[in-house]
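# Analysis of the macromolecular model
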Amino acid sequence: MDYTSLLLLGLAGLGIISSNSTVTIAMVALLLVRLLGLHQVYPWLEKYGLTVGIIILLVGVMTPLASGRISLQTVGQAFLHWKSLTAIGIGILVAYLGGRGAALIGSQPTIVAGLLIGTVIGVAVFKGVPVGPLIAAGILSLIIGRM
């Protein structure tokens, strides 16, 4: 077994130890792609994986609105309460940082490894959610002054 497969296996193990099925499933899926020799899938995953993931994330987040559990009245009230207005502002900031992060990852692929390792550790050890690489890259772009 090669070092990349061992790394994926180790990260899957970290997911199992920390009871984080998201990390475990992602690492096992990538390990299976690797072990089954389906290397032609990697370019597609690199090109569209992030977009597909964001679409699935948005579907999950917007489901309460689509199902009627959150009414239009509730959405309208978001503009009347300071907590909701703060949430809107933070949402704008995070979207901005995500955009900067996507641009940075595209222009400097060498930072991807560090961002991914940090995200996986954050998810596995600190019970985080793996939406961090784009935001982390956006924050990094502010720090290093690149986009």
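Residues numbered from 1 in each chain as written. Predicted model: local features only at pLDDT ≥ 70, side-chain atom pairs only at ≥ 80, totals over all residues. Heavy atoms only, no water.

## Considering the packing of aromatic side chains
Heads up, the condition is: Any two of the Phe, Tyr and Trp rings considered here, Trp counted by its six-membered ring, make a pair once their centres fall within 6.5 Å; the pair's planes then place it as stacked at under 30 degrees, edge-to-face at over 60, or tilted in between. A helix here means a DSSP run of H or I that spans at least four residues, while a strand means a run of E at least two residues long, and both kinds are numbered starting from the N terminus. The classification of residues rests on relative accessible area computed with a 1.4 Å probe and restricted to protein chains. Under 20% of the type maximum is buried, over 50% is exposed, and intermediate values are partly exposed.
Enumeration according to the criterion identifies 1 aromatic pair in this entry. Seen from their ring centres, W44 and Y48 are 5.6 Å apart, and the 45 degrees between their planes marks the pair as tilted. A residue pair is termed a helical-turn pair when its members lie 3 or 4 positions apart in one helix, as W44 and Y48 do in helix α3 (residues 41–66) at 4 residues. Residue classification places Y48 among the partly exposed residues on the basis of a relative accessible area of 36%.

## Some details on the UniProt feature "transmembrane region" (unreviewed entry) in the protein chain
Rules: UniProt positions are given in the numbering used here, feature names are shortened, and annotations may be inferred rather than shown by experiment.
Residues annotated by UniProt as "transmembrane region" (unreviewed entry) correspond here to residues 6–36, 48–67, 79–99 and 111–144. Spanning residues 48–67, this segment combines 95% helix with 0% strand, and its end C-alpha atoms are found 27 Å apart. Spanning residues 79–99, this segment combines 86% helix with 0% strand, and its end C-alpha atoms are found 24 Å apart.

## What about the packing of helix α2 (residues 21–35) against α3?
When two helices pack together, you describe them by how their axes are tilted relative to each other and by the distance separating the axes. Counted only if it meets this: Comment: axis = line fitted to C-alpha atoms, over the contacting stretch for helices; angle = value between 0 and 180 degrees taken between N-to-C directions. Contacts: residue pairs with any heavy atoms within 4.5 Å of one another. Each residue receives one of three labels: charged for Asp, Glu, Lys and Arg, nonpolar for Ala, Val, Leu, Ile, Met, Phe, Trp, Tyr, Cys and Pro, and polar for the others, Gly being one of them.
Contact geometry of α2 with α3 gives a least axis separation of 11 Å together with a crossing angle of 150 degrees. Along its contact with α2, which presents L30, V33 and R34, the element α3 presents V41, Y42 and L45. For the contact of α2 with α3, the per-class residue count stands at 5 nonpolar, no polar and 1 charged.

## Overview of the nonpolar core
Test applied: For this analysis, a nonpolar core means a set of buried residues of the types Ala, Val, Leu, Ile, Met, Phe, Trp, Tyr and Cys, connected via side-chain atoms within 4.5 Å.
In this structure, L8, L11, A12, V23, M27, L31, V120 and V123 together form the largest nonpolar core, which totals 8 residues. Among the secondary structure elements, those contributing two or more residues to this core are α1 (3–17), α2 and α6 (112–126).

## Some thoughts on α1
Defined as follows: Between the first and last residue of a helix there are one fewer steps than residues, each counted as 1.5 Å, and that sum is the expected span.
Between its first and last C-alpha, α1 extends 21 Å over 15 residues, near the 21 Å set by a 1.5 Å rise per residue. Here the buried face of α1 lies against α2 and α6.

## Considering a nonpolar patch on the surface
Operational definition: Exposure above 30% relative accessible area and the lack of any salt bridge qualify a residue for a patch; like charges then connect within 9 Å, and the nonpolar side chains Val, Leu, Ile, Met, Phe, Trp and Tyr within 5 Å. Working definition of accessibility: Shrake-Rupley area with a 1.4 Å probe, residue cover restricted to the visible protein chains. Salt bridge, as used here, is a side-chain nitrogen of Lys or Arg placed within 4 Å of a carboxyl oxygen of Asp or Glu.
Side chains of L50, I54, L57, L58, V61, M62, L65, I70, L72 and V75 sit close together on the surface and give an oily, nonpolar patch of about 870 Å² of accessible area. For the nonpolar patch, the secondary-structure elements that each account for two or more residues are α3 and α4 (72–77). Among the elements that take part in the nonpolar patch, α3 stands out by supplying 7 residues, more than any other. Residue position: V75 is located in helix α4.

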